[in-house]
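Secondary and tertiary structure notes
Okay, here's what each chain looks like letter by letter:
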Amino acid sequence: MKQRGVKPWFFMLAVLIIGFSVLAFLGLKGTAGDFTRTYIRGIDDIVWDTASDGGFEITFTAEDGEEVRPERVRDAENIIEKRLAVFDLKSYDVSADLSERKIFVSAVWRDGEKSADISETVRDISMSANIIFIMGTPSSPDAMSDTDQFVLGGGNINSAEVKYTDDTHIRYIEIGLNQAGTQAALKLRSESPDKLITVWMDDECIYCAPASELFNEVGVVRFFNGDQGYSLDFAKRRVAYISAGALPFDIEPIRYGYVAQSDSIVSKEIMLVCAFVILAVICIFMIAYYKLSGVVAAISLIGQSAGIVAFITGFLNMDFIDPVPMSAPGIVGFMLTIGMGAYSSVIVNERIKDEVLKGKPLNSAVAAGCTISAESVIDGNLTAMISGIIIMGLSSGKDALCSWIMKPFFWMLPVVMSPSIYSLGYILFFGSILNFIFGVVLTGFMIKSLTYYEIFSDRSLYGGKILKEVDVK
Amino acid sequence: MINLFKGRFMSHRKIYWLIALTLITVGVIVCILSGVDRSETLSSGSKLIYSFETLSPSDVVTESDAILSEALLNETAQNTLGDNTDVSVSQNDHRFTVVSLNHKVINFNAIESFETELSQKLPSVEFTLLSAQSHDEDSAKSLLIQCISAIGIVFVLLTFYISIKYKKISFWAVCVSCMVSLLIDCLVSFFSIIFFNIPLDENIFAVIIAVMGCSVNAEITLFDSIRENKKFFGETVSYADIANMSITESFRRVISTNVCMIVSALITVVITAVYGAFNISALCVPIIFSLITCTFTSLFIASSIWVSLLERSK
């Protein structure tokens, strides 16, 4: 039986929390034919870091300590990002530290794909990709003879795309030139149609053809690969390199970490098992020790865990919401946050228990317990949040808010990226906020609501001794 | 009134200090004896791990072959990757590790040359690069300084926050007691890493920072109780009695909360150890030791220092 005029907060909140948890853990996907669309990201959509899922983290800097202007570093960052877009990667991130002239690149291999050759990948990322067109056939652009002539450069290129011939559907590459480039191309086509033009990307000759064949009647460049055409992967990469442009300066890796997919896949599963076992054990402990309030605490802990998963995945599958890469320290962060959730529940329940044992009426005891414990829980979470901010500041080399906060402390030191610990700080920070919402606010609502039901008004259910009911009046 | 004070914790405060001092002394001795093992990220150098597989069934690697191949691998590594390289082969899991300690980054051209030369010398063996780590001296040094600075910053911020929060029960007494107990927690978690021979990297530092934020909760619980009792009893009761009473009140709360976190960490250690993911187990070691220590330091060291400082200033 329920007292009149009391809203069933417990049931409403419990249903909401469980519903939210199901969505956050399992996600929501729709299928249309062969195409699966994700509406809400679940555990399957967690992005793992390079150490857990296989991938690489590389810090590049200007070769031979060359002094580079910050805007050129930014240009190089954008070019590398465009290049990575065509690699077969699950996720990637490029950021630059303009003051230190460093570019941080991290990427995770796609699931089930064989890890790419890291040496080749680094060469692809760091190649200058300087395009030049030379009339003549020198052995390299540096070995041009007097008869060879520079015709066009990367600055004349406007666009590049993969195209197919209308009749035979052969895949080829088409390069659009700017006005000056088009005029030069048309002039060459009409004046020296049979002269060989070699196209160079750094020291590699990527194409060689007579001017009349290379440039079409409207001055567009076309690369063909015989009757079979280019493979899609090759064409996409080449187009990305040509359209992104050349790196404004030569770069070299000064720090790197690489993990092959085959060496990492096991720990990802273990981490998830760990997270669930920890959650289950703490929920069982709470229910066994605090009975009815323990059930409420367990629901809150499940909600809090779902909240953490939602923060990690981004919850809604939208382009502007980026998931945070999860790592082994992130799992430790999850474990600590759940431990903090248990801390909040213990504090709240112990306070309620104390008030119940003092002989206060149940409603007042619960209200007083929640109010008194709120301050301790906020303090506990604030200290964890401080640690979280410091860890996030320590781990991110880009212009992130936490790095900005940490700048006064680390101004004298060059930035070193350590992305694996970012998820630990992130989970600790947002987990603490969730801990307050679920562990204090919602738990308080739910326990208070339960006390209005006759069936749940037994004091022993809240940790108090079975006493004669104190007269509320 | 005195019957209320179930425990007489403050009469044994010298014992607590002695325990803390013994812990630190033992830790320092362990550090001196075993030395600090820094991972590649904090100590410049390179580490490459390869797996190998014989392509033909007749090419089973025997014990004598293993010695030969280790010598061969060493020679190849020194030719291509540099003089200060060392190769160790683990025949059981078909892996070998190349370590370079010349404080320079091994470039990818050198790795390619190494792989090419290896496949020429051992054509019947297939090599796969499983992981590669290479860090230059400047980055490693900067990261180490940043990690230590971050611990210092957290230390100062947490101490300052708690001191401000409980300034009513004496800013300086709370500040000093909090500082000492946090320092002991930090040191013990650091000693535990050394004791278990866990390589020190930025992940371990991050975990220590995280656990510092969580371990001060025990102090918050205790000082909350002290503040309440101080407010209730005023000057009628001695500082030692207030501390005794507060420890009795907060004892169960501190134990329950820390047990939850310790159990979580232990579960992680057990599961990861069963599956052989020792890199995650290693991260839980400082957490477990820090939480066990913080239970002791917050209840007995922080309170006893608080009482001693206030008694002296009286």
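To start, this report covers the structure provided alongside it.

So, how was this worked out
- Residues numbered from 1 in each chain as written.
- Chains lettered and ligands numbered in written order.
- Predicted model: local features only at pLDDT ≥ 70, side-chain atom pairs only at ≥ 80, totals over all residues.
- Heavy atoms only, no water.
- Helix = DSSP H or I, 4+ residues; strand = E, 2+ residues; numbered from the N terminus.
- Rg over C-alpha atoms; globule rule 2.2 N^0.38 Å.
- Buried < 20%, exposed > 50% of the residue type's maximum accessible area, 1.4 Å probe, protein only.
- Contact = heavy atoms within 4.5 Å.
- Areas by Shrake-Rupley, 256 points an atom, 1.4 Å probe, with all protein chains shown as cover.
- Lys, Arg positive; Asp, Glu negative; His and termini not counted.
- Charge placed at Lys NZ, Arg CZ, Asp CG, Glu CD.
- Buried area = accessible area lost by both parts, 1.4 Å probe.
- Salt bridge = Lys/Arg side-chain N within 4 Å of Asp/Glu carboxyl O.
- Polar contact = N/O pair within 3.5 Å; in protein donor to acceptor, adjacent residues only side chain to side chain.
- Nonpolar A, V, L, I, M, F, W, Y, C, P; charged D, E, K, R; others polar.
- Pairing = 2+ DSSP bridges.
- Phe/Tyr/Trp six-rings, centres within 6.5 Å; stacked < 30°, edge-to-face > 60°.
- Expected span 1.5 Å × (residues − 1).
- Arc of directions from axis to C-beta.
- Patch = residues over 30% accessible without salt bridge, like charges linked within 9 Å, V, L, I, M, F, W, Y side chains within 5 Å.
- Axes fitted to C-alpha atoms, helices over the stretch in contact; angles between N-to-C directions.

Moving on, we come to the overall build of chain B. When helices and strands are counted, chain B shows eight helices and four strands. Going residue by residue from the N terminus, the α and β elements of chain B occur as α-β-α-β-β-α-β-α-α-α-α-α. Its C-alpha radius of gyration of 26 Å places chain B more than 25% over the 20 Å reference for a compact globule of 314 residues. Each principal axis of the C-alpha atoms in chain B carries an extent, and together these give about 85 × 35 × 30 Å. Out of the 314 residues in chain B, the part that is buried amounts to 55%. Within chain B, contacts between residues separated by at least 24 positions form 79% of all contacts whose residues are at least 6 apart in sequence. Surface summary for chain B: the accessible area is close to 14,000 Å², and the carbon and sulfur share equals 63%. Computed over 20 positive and 28 negative side-chain charges, the separation of the two mean positions in chain B equals 26 Å.

Before going further, it helps to examine the interface of chain B and chain A. Contacts between the two partners involve 67 residues from chain B and, on the opposite side, 65 residues from chain A. Across the chain B/chain A interface, buried area totals approximately 6,000 Å², and carbon plus sulfur atoms make up 69% of it. Counting the contacts that link chain B with chain A gives seven salt bridges. Arg-252 of chain B is the partner of Glu-350 of chain A in a salt bridge, and the nearest nitrogen-oxygen pair spans 2.6 Å. Put simply, chain B and chain A have 19 residue pairs in polar contact (both at pLDDT 80 or more) between them. Mapped by element, the contributors of at least two residues to the side of chain B that touches chain A are α3 (108-121), β4 (125-135), α4 (137-165), α6 (202-233), α7 (239-275) and α8 (278-313) of chain B. When residues in the side of chain B that touches chain A are grouped by element, the largest group, 16 residues, is from α6 of chain B. In terms of residue class, the side of chain B that touches chain A is made up of 39 nonpolar, 18 polar and 10 charged. The sheet contact formed by strand β13 (residues 251-259) of chain A and β4 of chain B spans five bridges and is antiparallel. If you follow Tyr-258 of chain A over to β4 of chain B, its bridge partner there is Ala-132 of chain B.

Residue and element names in this part refer to chain A. Going through the model one piece at a time under the given rule, you end up with 32 aromatic pairs over all chains. With 4.8 Å between their ring centres and 85° between their planes, Tyr-289 and Tyr-290 make a pair best called edge-to-face. In this structure Tyr-289 comes out as partly exposed when scored by relative accessible area, which is 34%. Among the residues examined, Tyr-290 registers a relative accessible area of 4% and is labelled buried. Grouped by ring-pair contacts, the aromatic residues Phe-311, Tyr-422, Tyr-426, Phe-429 and Phe-430 constitute a single cluster.

Residue and element names in this part refer to chain A. If you trace the backbone, Ser-21 turns up in helix α1 (residues 9-26). On the basis of relative accessibility, which here comes to 3%, the residue Ser-21 falls in the buried class. From its side chain, Ser-21 meets the backbone oxygen of Ile-17 in a polar contact 2.7 Å long. Beyond its immediate sequence surroundings of up to four residues, Ser-21 is in contact with Ile-302, Gly-303 and Ala-306.

Let us look at the pairing of strand β8 (residues 157-164) of chain A. All names here are of chain A. Of the pairings in the sheet, the one linking β8 to strand β9 (residues 171-177) comprises seven bridges and is antiparallel in character. Across the sheet, residue Ile-157 finds its bridge partner in β9, namely Leu-177. Hairpin connection between β8 and β9: a loop of six residues separates the two successive antiparallel strands, and His-169 in this loop has a positive phi of roughly 55°.

Glancing now at the environment of Met-127 of chain A. Residues and elements named next belong to chain A. Mapped onto the elements of the fold, Met-127 is located in the loop between α4 (118-126) and β6 (131-135). Look at Met-127 and you get buried, because its relative accessible area is 19%. Along the primary structure Met-127 and Asp-379 are separated by 252 residues, whereas in three dimensions their C-alpha atoms are 52 Å apart. Those residues in contact with Met-127 that sit more than four places away from it in its chain are Arg-83, Met-201, Asp-202, Tyr-241 and Leu-247.

Residues and elements named next belong to chain B. The terminal C-alpha atoms of α3, which comprises 14 residues, lie 20 Å apart, in line with the 20 Å expected from a rise of 1.5 Å per residue. Residues Phe-108, Ala-110, Ile-111, Phe-114 and Leu-118 constitute the buried set of α3. Taken end-on, α3 shows its buried residues confined to a sector of 155°, consistent with a single buried face. In α3, those exposed residues whose orientation departs by more than 90 degrees from the buried face are Asn-109 and Gln-120.

With that out of the way, let us pick up a nonpolar patch on the surface. A cluster of nonpolar side chains, contributed by Val-281 of chain A together with Phe-251, Ile-255, Val-259 and Val-263 of chain B, occupies part of the molecular surface with about 310 Å² of accessible area. In this structure, Val-259 of chain B sits in helix α7. Of the residues examined, Val-259 of chain B reaches a relative accessible area of 35% and is grouped as partly exposed.

Looking now at the sheet that holds β9 of chain A. Sheet strands line up and pair through hydrogen bonds in the backbone, either parallel or antiparallel. Residues and elements named next belong to chain A. Across the sheet, three strands lie side by side as β8-β9-β12; this open sheet has antiparallel pairing. Two strands in the sheet have a free side with no partner beyond their single neighbour: β8 and β12 (221-223). Across the sheet, the axes of successive neighbouring strands diverge by a mean angle of 20°, strand direction being ignored. Bridge count between β9 and β12: three bridges; the pairing is antiparallel. Across the sheet, residue Ile-173 finds its bridge partner in β12, namely Phe-223. This element, helix α7 (residues 232-244), spans β8, β9 and β12 of the sheet and lies at about 170° to β8.

With that out of the way, let us pick up the side chain of Ser-305 of chain A. Residue and element names in this part refer to chain A. Among the secondary structure elements, Ser-305 is positioned in helix α8 (residues 265-313). Accessibility expressed as a relative area gives 0% for Ser-305, which makes it buried. Polar contacts involving the side chain of Ser-305 include one to the main-chain carbonyl oxygen of Leu-301, which spans 2.7 Å. Ser-305 has contacts with Phe-25, Leu-279, Phe-334 and Ile-338, leaving out every residue within four places of it along the chain.

Another point: the sheet that holds β4 of chain B. With antiparallel pairing, the eight strands of this open sheet are ordered in space as β4(A)-β5(A)-β3(A)-β13(A)-β4(B)-β1(B)-β3(B)-β2(B). Only two strands of the sheet have a single neighbouring strand rather than two, namely β4 (89-97) of chain A together with β2 (85-90) of chain B. Here the average twist between neighbouring strands, direction ignored, is 20°. As judged from the six bridges shared by β2 of chain B and strand β3 (residues 95-100) of chain B, these two strands associate in the antiparallel manner. Across the sheet, Val-89 of chain B pairs through a bridge with Phe-96 of chain B, a residue of β3 of chain B. In the packing of helix α3 (residues 70-84) of chain A onto the sheet, the strands contacted are β3 (55-62), β4, β5 (102-109) and β13 of chain A, and the crossing angle to β4 of chain A comes to about 175°.

We now examine unusual backbone geometry. All names here are of chain A. Here Ala-129, not a glycine, exhibits a phi torsion of approximately 60°, which is positive. As for its placement among the helices and strands, Ala-129 is situated in the loop between α4 and β6. Judged by its relative accessible area of 1%, Ala-129 falls in the buried class. We note that His-169 has phi near 55°; this positive angle belongs to a residue other than glycine. Tracing the sequence through the fold places His-169 in the loop between β8 and β9. Owing to a relative accessible area of 57%, His-169 belongs among the exposed residues under this scheme.

Let us now look at the pairing of β6 of chain A. Regular strands place their side chains on alternate faces of the sheet. Residue and element names in this part refer to chain A. For β6, the tally of buried residues reaches five of five residues, placing the bulk of the element in the interior. Neither face of β6 is exposed, since Ile-131, Phe-133 and Met-135 on one face and Ile-132 and Ile-134 on the opposite face are all buried. Inspection of the sheet shows β6 paired to strand β10 (residues 196-201) by five bridges, in the antiparallel sense. Within the sheet, the bridge partner assigned to Ile-134 lies in β10 and is Thr-198. Relative to strand β7 (residues 149-153), β6 runs antiparallel, the two sharing four bridges.

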